[in-house]
Amino acid sequence: MKVALRQREKNGKISLYLDYYQKGKRKLEYLGMYLKIKPRTPEERELNNKTLKLAESIRAKRQLEIQTG
């Protein structure tokens, strides 16, 4: 089973969400995390990187939860 971290542009920001199938049904789980579309400062770039790392760790955790049942 694969859990995908996906991005969707909305209101000038990029929203992060998980996309996976569970028991034959597709599930979308919005994480409430956002990225800047065009980060201009090093701080904004660093914040985007930290947010992506956190979202990736949540994705991995969710995948383990689904695989173990």
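Provided above is the structure to which this section pertains.
None of the values given here were measured: they were computed from a predicted structure. (Residues numbered from 1 in each chain as written. Predicted model: local features only at pLDDT ≥ 70, side-chain atom pairs only at ≥ 80, totals over all residues. Heavy atoms only, no water.)

Colleague: I'd like to hear about helix α1 (residues 42-68), residue by residue, with values.
Modeller: In a regular helix each residue adds 1.5 Å, so 27 residues correspond to 39 Å; α1 covers 39 Å between its end C-alpha atoms and thus fits that length. Those residues of α1 that sit buried are Asn 48, Thr 51, Ala 55, Arg 59, Arg 62, Gln 63 and Ile 66. Close packing links the buried residues of α1 with β1 (4-10), β2 (13-22) and β3 (25-36). Where α1 terminates, the next one or two residues include Gly 69, which has phi positive at roughly 95 degrees. (Helix = DSSP H or I, 4+ residues; strand = E, 2+ residues; numbered from the N terminus. Expected span 1.5 Å × (residues − 1). Buried < 20%, exposed > 50% of the residue type's maximum accessible area, 1.4 Å probe, protein only. Contact = heavy atoms within 4.5 Å.)

Colleague: Help me get a handle on the packing of aromatic side chains, residues and values and all.
Modeller: Scanning all chains against the criterion turns up one aromatic pair. The ring of Tyr 34 is capped by Lys 13, whose NZ or CZ atom sits 4.4 Å from the centre of that ring. (Phe/Tyr/Trp six-rings, centres within 6.5 Å; stacked < 30°, edge-to-face > 60°. Lys NZ or Arg CZ within 6 Å of the ring centre and 35° of its normal.)

Colleague: So what about the sheet that holds β2? Which residues, and what values?
Modeller: On the basis of which strands lie adjacent, the open sheet formed by three strands has the order β1-β2-β3 and antiparallel pairing. Lying at the two open borders of the sheet, with one neighbouring strand each, are β1 and β3. Here the average twist between neighbouring strands, direction ignored, is 30 degrees. One ladder, built from seven bridges, connects β1 with β2; its direction is antiparallel. Bridge assignment links Gln 7 to a residue of β2, and that residue is Leu 16. Set on the sheet, α1 makes contact with β1, β2 and β3; between it and β3 the angle comes to about 160 degrees. (Pairing = 2+ DSSP bridges. Axes fitted to C-alpha atoms, helices over the stretch in contact; angles between N-to-C directions.)

Colleague: So what about the side chain of Asn 48? Which residues, and what values?
Modeller: Relative to the helices and strands, Asn 48 is located in helix α1. Once you skip the residues sitting within four places of it in the chain, Asn 48 turns out to touch Leu 35, Lys 36 and Pro 39.

Colleague: Tell me about the environment of Ile 37, and please be specific about residues and values.
Modeller: Along the chain, the position of Ile 37 falls in the loop between β3 and α1. Not counting the four nearest positions on each side in its chain, Ile 37 is found in contact with Glu 9, Gly 12, Lys 13 and Ile 14.

Colleague: Give a description of the side chain of Ser 15 that names residues and reports values.
Modeller: The residue Ser 15 is located in strand β2 in this model. Of the residues examined, Ser 15 reaches a relative accessible area of 6% and is grouped as buried. Excluding anything up to four places from it in sequence, Ser 15 contacts Arg 6, Gln 7, Arg 8, Tyr 30, Met 33 and Tyr 34.

Colleague: Describe in detail the pairing of β3, supporting the description with residues and values.
Modeller: In this structure, β2 lies alongside β3, joined through 10 bridges in antiparallel fashion. Within β3, the position partnered with Gln 22 by the bridge is Lys 25. In textbook terms, the turn of a hairpin is the stretch between consecutive antiparallel strands, and for β2 and β3 this stretch comprises two residues, one of which, Lys 23, has a positive phi near 55 degrees.

Geometry only, nothing functional implied.
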